[in-house]
Amino acid sequence: MTAVRVVVVDDQALVRMGLRTLLESEPDTELVGEAADGRAGVQVVRATVPDVVLLDIRMPVLDGLAALKEITADPTLAAVKVVVLTTFEVDDYVFEALRHGASGFILKDSPPSELLQAVRAVADGGSLLSPSVTRRVIAQFAGAGTVAPSPHPQLGRLTDREREIVGWVATGRSNDEIAAALVVSPDTVRTHVSRAMIKLHARDRAQLVVFALQSGLSAPEPG
């Protein structure tokens, strides 16, 4: 079994120590580097090319959003997944982080089991967008009032069913939950999601949500 290689970038020494202890206690995760500011973090990521980066947003020297942009813009780091660490469920930078390529975000005070599950899920190509947090991000984005919908240039390639399901994805629901709501099989939902991601060139489910919000796709009300 190949261990998931992780880099931790956070300016709080106690947070880094806790994550280091957690990651080193598991046989399938490995801490390969850490840094206390964004600039040093980018350097460590370039030097180690990890599978996953746990990245704080509010840091000195270079903040996490700027560091994220550098990481996702570097073609040599295309396979690196970034998870934003935040203290609040809705951080001012969360949507921007998702827009710039983060695979999701997780609260710093999440239980250890959830943090480990997050690392494993993202390394396996998944994303971290819980329904409750995603709905708040959607509300925050929609409530900004100054951002007009900007449809994705490939949006017209989606079928009506794919557009509908992408709208459901934007609520943060899982494939199983969407399938139950639409009375179809999870495999059917999975197929539509995969096709939509290919057509829209979305790197993961998190980016698909961003595209949906930016395109103004309507999502069902939580129910």
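Residues numbered from 1 in each chain as written. Predicted model: local features only at pLDDT ≥ 70, side-chain atom pairs only at ≥ 80, totals over all residues. Heavy atoms only, no water.

Colleague: Would you mind going over the overall build of the protein chain with me for this structure?
Modeller: Scanning the protein chain for helices and strands turns up 10 helices and five strands. Burial status across the protein chain gives 48% buried among its 223 residues. In the protein chain, of all internal contacts separated by at least 6 residues, the share reaching a separation of at least 24 is 69%. Of the accessible surface of the protein chain, which amounts to about 10500 Å², a share of 54% is contributed by carbon and sulfur atoms. (Helix = DSSP H or I, 4+ residues; strand = E, 2+ residues; numbered from the N terminus. Buried < 20%, exposed > 50% of the residue type's maximum accessible area, 1.4 Å probe, protein only. Contact = heavy atoms within 4.5 Å. Areas by Shrake-Rupley, 256 points an atom, 1.4 Å probe, with all protein chains shown as cover.)

Colleague: Explain the pattern of salt bridges here, please?
Modeller: In a structure, side chains of opposite charge can pair up when their charged atoms sit close to one another. In the structure shown here, the tally under the stated rule is 12 salt bridges. Where glutamate 70 meets arginine 46, a salt bridge forms, and the shortest distance between an N and an O atom there is 3.9 Å. One end of the pair, glutamate 70, is in helix H3 (residues 64-73); the other, arginine 46, is in helix H2 (residues 38-48), and 24 residues separate them in sequence. You can call arginine 46 partly exposed: its relative accessible area is 42%. Note that arginine 161 is salt-bridged to glutamate 164, the shortest N-O span being 2.6 Å. (Salt bridge = Lys/Arg side-chain N within 4 Å of Asp/Glu carboxyl O.)

Colleague: I keep staring at the sheet that holds strand S2 (residues 29-35) and nothing clicks. Help me out?
Modeller: Strands in a sheet are paired, the pairing made by backbone hydrogen bonds, and the direction either parallel or antiparallel. Sheet architecture is open: five strands sit in the order S2-S1-S3-S4-S5, paired in parallel fashion. Edge positions in the sheet fall to S2 and strand S5 (104-107), since each has one partner strand and no second. Strand after strand, the sheet turns through a mean of 25 degrees between neighbouring axes, direction not considered. Here strand S4 (residues 81-86) pairs with S5 via four bridges, running parallel. In the sheet register, threonine 86 faces S5, and the bridge partner there is leucine 107. (Pairing = 2+ DSSP bridges. Axes fitted to C-alpha atoms, helices over the stretch in contact; angles between N-to-C directions.)

Colleague: I'm lost on the nonpolar core in this one. Help?
Modeller: Side chains of nonpolar character tend, in soluble globular proteins, to be buried together. Judged by nonpolar contacts, the single largest core of 49 residues is most densely connected at Leu55 and Leu208. Take this core: its biggest share by element is seven residues, from helix H10 (residues 205-215). When neighbours within four sequence positions are excluded, leucine 208 is seen to be in contact with Val166, Val169, Val193, Ala196, Met197, Leu200 and Ala202. Residues Leu31, Leu54, Leu85 and Val119 belong to the second largest nonpolar core, which totals 18 residues. (Core = buried A, V, L, I, M, F, W, Y, C linked by side-chain atoms within 4.5 Å.)

Colleague: Explanation requested: the packing of H2 against H3 in the structure shown.
Modeller: Between two packed helices, what matters for the description is the angle formed by their axes and the separation of those axes. Two numbers describe how H2 lies on H3: the axes approach to 9 Å, and their chain directions differ by 25 degrees. Considering the angle they form, H2 stands roughly parallel to H3. The two elements H2 and H3 meet at a crossing, and its hand is right-handed. Residues Gly38, Arg39, Val42, Val45 and Arg46 of H2 lie in contact with H3, whose contacting residues are Ala67, Glu70 and Ile71. A breakdown of the residues in the contact of H2 with H3 according to their chemical character gives four nonpolar, one polar and three charged. (Parallel < 35°, antiparallel > 145°, perpendicular 65-115°, else oblique. Left-handed = near helix turned anticlockwise from the far one by under 90°. Nonpolar A, V, L, I, M, F, W, Y, C, P; charged D, E, K, R; others polar.)

Colleague: Got a minute to help me understand the confidence of the model for the protein chain in this structure?
Modeller: The predicted coordinates should not be examined in detail at positions where pLDDT is low. Taken over all residues, the pLDDT of the protein chain has a mean of 83, while the share at 70 or more is 84%. Here helix H6 (residues 131-143) is the element of the protein chain with the lowest mean pLDDT, 60, and H2 is the one with the highest, 96. (pLDDT = per-residue confidence, 0-100.)

Colleague: I would appreciate a short explanation of the environment of methionine 59 in the present structure.
Modeller: Mapping methionine 59 onto the fold places it in the loop between strand S3 (52-56) and H3. Distance from methionine 59 to arginine 39, taken between C-alpha atoms, is 9.6 Å for residues 20 residues apart in sequence.

Colleague: What am I meant to see in unusual backbone geometry here?
Modeller: Most of the time, phi is negative for any residue but glycine, and the peptide bond is trans. Non-glycine residue valine 49 carries a positive phi angle of around 45 degrees. By the secondary structure assignment, valine 49 is in the loop between H2 and S3. Accessibility expressed as a relative area gives 38% for valine 49, which makes it partly exposed. Here the phi dihedral of valine 183 falls at roughly 55 degrees; this positive angle occurs in a residue that is not glycine.

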